Each structure stands twice: as structure tokens, then as C-alpha cells.
Amino acid sequence: MSQGSGAELSARIREILAERYHDKHPFNLRMQAGELTREELQRWVRNRYYYQTRIPIKDGLILTKAEDPSFRRGWIRRIHDHDGERPDEGGLALWLDLAEAVGLDRDEVASLRQVLPGVRRACDAYVSFVEGHDLLESVASSLTEIAAGPYLGARADAFEKHYAWIAPEGLAYFRSRTQQAPRDAQEGLDYVLAHAQSEEDRQRAAEALEQKCEILWSLLDGVEWGGRRPALSPAARWQEDGMLVLPERAIRLGSSAREILDACDGERTADDVATALRTSHPEEEHIERDVFEFLEQMERLGVVRMLEPEPLG
Amino acid sequence: MNPAPRLWNLVAELTYRCPLRCPYCSNPTRLGDFPERLSADDWGRVFRESRSLGAVHVGLTGGEPSARADLPEIVALAHDAGLYTHLVTAAHPLDPEGLRGLAKRGLASVQISLQDAFADASDAIAGTPSFERKLALCRATRELGLPLTLNVVLHRRNLGNTRAIIERARELDADRLELANTQYLGWALTNRDALLPSREALESARRVVERESQRSLRPEILFVLPDYFRKRPKACSAGWGQRHLIVTPNGRALPCHGASELDLPFWNVTEHSVEACWRDAPGMNAFRGEGWMQEPCRSCPERERDFGGCRCQAFALVGDAAATDPACELSPHHDRIVSAREQACEAADAAWIPRGPGLAE
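Heads up: these notes are all about the structure in this document.

Structural notes on the overall build of chain A
The helix and strand inventory of chain A stands at 14 helices and five strands. Its C-alpha atoms give chain A principal-axis dimensions of roughly 75 × 45 × 35 Å. When the 313 residues of chain A are sorted by exposure, 55% land in the buried category. Of the accessible surface of chain A, which amounts to about 14100 Å², a share of 50% is contributed by carbon and sulfur atoms.

Here we look at the interface of chain B and chain A
Contacts between the two partners involve 24 residues from chain B, matched on the other side by 16 residues from chain A. Both faces considered, chain B and chain A share a buried interface measuring about 1500 Å² in area, 47% of it formed by carbon and sulfur atoms. Between chain B and chain A we count five salt bridges in total. Across the contact surface, chain B and chain A share 11 residue pairs in polar contact (both at pLDDT 80 or more). Listed by contribution, the elements that provide at least two residues to the side of chain B that touches chain A are β3 (84-89) and β6 (176-181) of chain B. When grouped by side-chain class, the residues that make up the side of chain B that touches chain A number eight nonpolar, eight polar and eight charged.

With respect to the sheet that holds strand β4 (residues 250-252) of chain A
Residue and element names in this part refer to chain A. With respect to topology, three strands assemble into an open sheet ordered β2-β3-β4, the strand pairing being antiparallel. Single-partner strands in this sheet number two, and they are β2 (237-238) and β4. When β2 meets strand β3 (residues 243-245), the two strands line up antiparallel, connected through two bridges. Its bridge partner being in β3, W238 is matched across the sheet by L244.

What to know about the pattern of salt bridges
All told, the structure shown has 61 salt bridges over all chains when counted by the stated rule. Of the charged contacts in the structure, one is a salt bridge between E200 of chain A and R204 of chain A, with a shortest N-O distance of 3.7 Å. One end of the pair is E200 of chain A and the other is R204 of chain A, both in helix α11 (residues 199-225) and four residues apart, which spans about a single turn. Judged by relative accessible area, E200 of chain A falls into the exposed class, the value being 54%. Residues R218 of chain B and D173 of chain B are paired through a salt bridge, measuring 2.8 Å at the closest nitrogen-oxygen approach.

Side note on helix α10 (residues 172-195) of chain A
Helix length check: α10 of chain A, at 24 residues, gives a terminal C-alpha distance of 34 Å against a target of 34 Å (1.5 Å per residue), a fit within 8%. Of all the bends in α10 of chain A, the largest measures some 30 degrees and sits at T178 of chain A, one to four residues before the proline P182 of chain A.

Focus on the nonpolar core
Core analysis: the largest hydrophobic core is formed by 102 residues, its most contacted members being W44, F159 and F174 of chain A. Element by element, the count of residues in this core is highest for α11 of chain A, at 11 residues. Counting only domains with at least three residues in this core, you end up with domain 1 (3-226) and domain 2 (229-307) of chain A. V58, L195, A253 and L317 of chain B belong to the second-largest nonpolar core, a separate cluster that totals 86 residues.

Remarks on the packing of helix α3 (residues 38-65) of chain A against α11 of chain A
Residues and elements named next belong to chain A. With their axes 10 Å apart at the nearest point, α3 and α11 run at an angle of 140 degrees to one another. Put simply, α3 runs oblique to α11. Handedness of the crossing formed by α3 with α11: right-handed. Here α3 contributes R43, W44, N47, R48 and Y51 to the contact with α11, which in turn contributes K212, L216, L219, L220 and V223. Considering only residue class, the contact of α3 with α11 consists of six nonpolar, one polar and three charged.

Reading the values: rules and limits
- Every residue gets a number counted from 1 within its own chain, in the order that chain's sequence is written.
- For naming, the first written chain is A and the first written ligand is 1, with later ones following in the order written.
- Per-residue local features of the predicted model are confined to residues with pLDDT of at least 70, and side-chain atom pairs are confined, for both listing and counting, to 80 or more; whole-chain, interface and lining totals are unaffected and use all residues.
- Only heavy atoms go into the side-chain values, all of them from the structure, while hydrogens and water stay out.
- For helices the rule is a DSSP run of H or I covering at least 4 residues; for strands it is a run of E covering at least 2, with both sets numbered from the N terminus onward.
- Only protein chains enter the accessibility calculation, which uses a 1.4 Å probe; a residue is then buried when its area is under 20% of its type maximum, exposed when over 50%, and partly exposed in between.
- Areas reported here follow the Shrake-Rupley algorithm with a probe of radius 1.4 Å; residue values treat only the protein chains shown as occluding.
- Contact criterion: two residues are considered in contact whenever any of their non-hydrogen atoms come within 4.5 Å of each other.
- Put simply, buried area is the surface a 1.4 Å probe can reach on two separate parts but cannot reach once they are joined, added for both.
- Any carboxyl oxygen of Asp or Glu that lies within 4 Å of a side-chain nitrogen of Lys or Arg is treated as forming a salt bridge with it.
- A 3.5 Å cut-off defines polar contacts: any pair of N or O atoms within that distance qualifies, except that in protein one atom must be a possible hydrogen donor and the other a possible acceptor, and neighbouring residues in sequence count only when both atoms are side-chain atoms.
- Residues were grouped as follows: Ala, Val, Leu, Ile, Met, Phe, Trp, Tyr, Cys and Pro as nonpolar; Asp, Glu, Lys and Arg as charged; and all remaining residues, including Gly, as polar.
- By this definition, two strands are paired if DSSP reports at least two bridges between them.
- Between the first and last residue of a helix there are one fewer steps than residues, each counted as 1.5 Å, and that sum is the expected span.
- What is called the bend at a residue is the angle between a pair of axes, fitted to the seven residues leading up to and ending at it and to the seven starting from it.
- Definition of nonpolar core: a set of buried residues of the types Ala, Val, Leu, Ile, Met, Phe, Trp, Tyr and Cys, connected through side-chain atoms within 4.5 Å.
- Here the limits of each domain have been adopted from an automatic or database domain assignment.
- Here an axis means a line fitted to C-alpha atoms, over the contact stretch when the element is a helix, while the angle between two N-to-C directions is reported on a 0 to 180 degree scale.
- Oblique is the label for any angle not covered by the other classes, which are roughly parallel (under 35 degrees), roughly antiparallel (over 145) and roughly perpendicular (65 to 115).
- Left-handed describes a crossing whose near helix is turned anticlockwise from the far helix through less than a right angle; right-handed describes the clockwise counterpart.

Below is the structure:
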């Protein structure tokens, strides 16, 4: 590869990150400005943990694509970084420390029961992407690390400044990633610049990074969805035989569906509705997931409207 | 005989009078054969009997249903019968004040037709100034908190405005937008050369709809490629006599609004109960099930999905209502669809005949 095309790709990568990295997502802007409520911050920590759990899995997939032992020796460190050398060490454990520091139950978060469906889809899409693409594209998709290093430092500062109620020990994850991310980013960038030989390769690498940016963005959309307040559409009318009728459809709903809809009062968030159902059905293992998926389906059918969160008073 | 399927949806065609002159009107071309024979009380009985057969929705339509002075009474009777009462209107003569009265009597939702995204174009197709009235009624619908569906029939002259139509629907806060590609029956068949669009125009409209639907859940957009441009026919209204019952202004009970063009023994609600009209009328049973099917439908694995296509289209284009819908590529008469597309393509500037006025105006 000529010097020129390498510099060009490098510039393109920075351009993509400058335009599309999720630091510009409204949710992250509010986080940095100290505008998130405790509940919103908890929602983010709880859901983002699912992303953390996908990272070692996608790095494992990347390892299976590499022929070069020295590449694998380097890359396998990422799995150790996340999983630790021993239990209660590494990035995943540090994230659960953060969860506790924001007032969540460690085991509840680790159970992934309350992960929102949009978040789950975004994270699963990342793993599927790596599964279905070659080593160059997979490594290119990790280059969001380039922007992550500086951003995580700024995030830790913002947390100390705006969310003083969080114990400082809880922020160890951000501090440790501030060290690791630049090293990982450089390693990934070197690989992509060295192996994107043709114009077509460079195009594929850039598109992989764009897709990854979209995934991180939609993860935050998924987090925001959990804070919206489901309300039964004013168009919906119950008939005496228990049928729910809308202009274009009639839906027969069982008693559990009815129970969920009854909880959709336009005040409670989607998360609150799931919590309410969890309380009344402690025996149901997947109740949160069932509630979220039902609400999504009802939203698509126009039965339920997801109202924006209430503005801060 | 098997018990009749459950009735779900009643379409009450209250009158064929209409101040609009749209060249694709789905009313019968022989409007004079359908005098209004049902009083408000007769309709009340039809509503109650339909509800007890299982009907959930009633669509009050026409023609223009608000051409009937007793519409408020009819709305109240439909609502009292326990039906989800939906009004399909061209906003003429109905005005916001009239709509408020209907809402008080239990109206649940409103569908308003626009002919295009802009006043000039819309009024030219409707054949009468009506666009501004329509916008006013759309706003009144939303102010009353009622769900609003916009219906725009698509054809050669407005297909290019698809994006503007979607923007208009968003501006009016519509819940649902039906982009209904013209069905070439009735008046639309008469005017086919002037209405049929090109495949390219349809394809680009379809892409616009796809993009816009991804951008927002509102409005829900319905866009179905017209059967003239598909390999397979569209399903006959969820199956002949399976879900929908249409009652015409003179009381005939039909499985779909096109069926009045067929020479079949349907019954009349002024002479029989709704249950008998639905369950026993020979016309209603003519194409229930699969026994009537000819080849290639009879042995086709897709027959359960599309029921052989549209009976009315088979009759209109082949002369045999039991034939395979010629819109299907497997029909031995599919060449009639192909040549209609070619003919329309050559007749780029064809004029249309506006629909007739209906009765007693």
C-alpha cells in the first residue's frame, strides 16, 4: 500500500468517528452534561453490561479468523482484560462494581434479565457482524476504540463532577479502559492500515466502522426506549367480550397481556412496568423480556404509544 | 353445509351519492341500480344482527355517507350495537361542527380521502374544490382525539408526489396512511388507460415509502404494489365471504364491494336476516372454500394464500368469475394484463371520464 492511500484511510477513519461516534448521541450528551436522573444512569449501566458481556465473545470470534500467531498473541489480551485472570477481576467485574456503585444489585445485573430488547438487538448485531465478516472488517469494526480512549477519560471526569453520589471506586472501569483503549486502538489501526491493500479493502474497512458506529448509536436508542412511558392508544377500545379494538384491527388478549396493558398508565416507564410485573410474578423467569417484547409488538400495532420521558421539573 | 365463518367486519354503504367525481371510484358504474332503500332504523337492525354474528368493526361509507342527513342517528345506532364505528368520508358536506356531533354519538375513528398532496392537483382529480375542507376536517379529527387514517388512491398522475403525500400526512398527525394503488374495477377499469402508472414510477414510490417508514413509526404507512405489476394476484378480501360483509344502499349483502358487478344471487337485508344473507345466500357461498376452483388454482400450493385472486377481476377481464385471476402469471389469460400495461404506456395523455353523480342530487 502506498503512503498516500494509508494516510487517506486513516483520515477517513477519523472523519467517520468525528461524525458518527456515539459521543454525539443525545443520551450521552445529557450524561456528560450531568442531566441524567439516577434512574436513567442505572438504566444505562444495567443495559450496557450486556454490551460488555458480548466483547470477549466477539474477540473470541476474531481470534478464530486469524492465521498469524503474533496477531493472536496480541489480540487474546483483550479477552483477559475483560474476563480477568481470576474471578472478580477484569473489565466485566469492574463494570459490576460500577453497577453496585450506582445502586444496582450485582447479581441482578449479571443475570441480564432486565436488558431492553433494542439494546439486546444492537449488541447481538455486533457479534453477528463479526461472525459474518472477514478479519479485516472485524478488526476495523473495533476501531471505535480510537475515540473511546479520550471519551472515557472525559466521562470519568463528568461522573466525578456531576454524579458525586457515585462512590469513586465505582469509576475504576473507566480509568482502566482509559489506559487500555489507546493501546487496543493502535493495534487495531496498525492492522487495518497494513492489510487494507486495495481500494475495495479500504472501502470495506470504512463501512465496517460505520456499521459499528450505528450499532453503538442504536444501543443508546434502546436504552432511551426503556425510559419512555407506554400508554394505551386513545384509539383503542375494549369490547365487552375482552377484545381490544382499533381502527384497523381487533386483538384478543389473554389475562397476562391485559395485566401488562393495565399497567401502561402513561406515567410508568417501560422499565417500571416490567418491574411491576416482576413483583407480581416472581416465579416467571423471563418476565421482563416478555413484557418488553410485548410492548414493542403493541407499539408496532399502534395499540400502545411510547410517550417521551417527563421533562425534569 | 359447513357453518358460516365468523363475520368480523361490516361495511355499510349508506349511499352512492357523492359530490366528488374521482375517475377511479370503486362504486358500481350502474349507480342508478342502487336507490337508497334502508332507513336509519333498518341500518340499526343490520348493525345489531351483525354484532351478534361476531362483527367487531363497522365502516360507514358510500359514496359519501355524510350526504345522508340522518348520519348522526346512524352513528349512534352503530355505537349502541357495540361496534367500533369508523367513518369513511370525503369531508363534503361533513364539516368540523358535524364531526363533533358524530363524536358525541360514539364515532370511534375517521378516514378521510385526499386525492393528492396539493390543493390544485387534489381538486382536479376530485372534480370539485374540496382539498381545504378535507384538511380542516383532518385537524378537527385530531383535535377531538380521534384516530385519523388518510386514504390516497395512487395512479399515474399522483404517484410522483408520494413523498409530499407522506409529509402531508405527518403534518396532519395522521395515525395511518393508506397509499392505495388503484384497483382496476368499476370506474377505474373504464379509465384504466389514463390511470395505470409505469413500473419505474411504482418502484420509485415503493422505495420512498420504505425509507420513510423506517424513519418513523408514524404514520403507519400501507402501500401494496398493484396486482397488475406482480407475479401473483392479491388475495380476495381475506377470502370470499370469510370476514367482510358489505351492505349496499339498496340492501344487498355482498362479500366485497366489487361483487355487485357479478351476476350472482345475493340476498337483500330488507327481505332476509343478516345471518341468512351471510350464511345461506347462494351468491355468498359461490366461492367459499376451494370446490369452485379451476386449474391452475385447483392444484396450486398458493391457493390458500391468495384464494385464486380477485373474483371480480376474473369476471371483468375473462368473463368467468370462477377463472384464475388474470393478474396471476400462471393464468392462461395473463396476456390481458400485459397488454393493458403496454396499452396504457402508449396512451400517456389519455383523458378520463369522471364518475357519475349518483342519485337524487
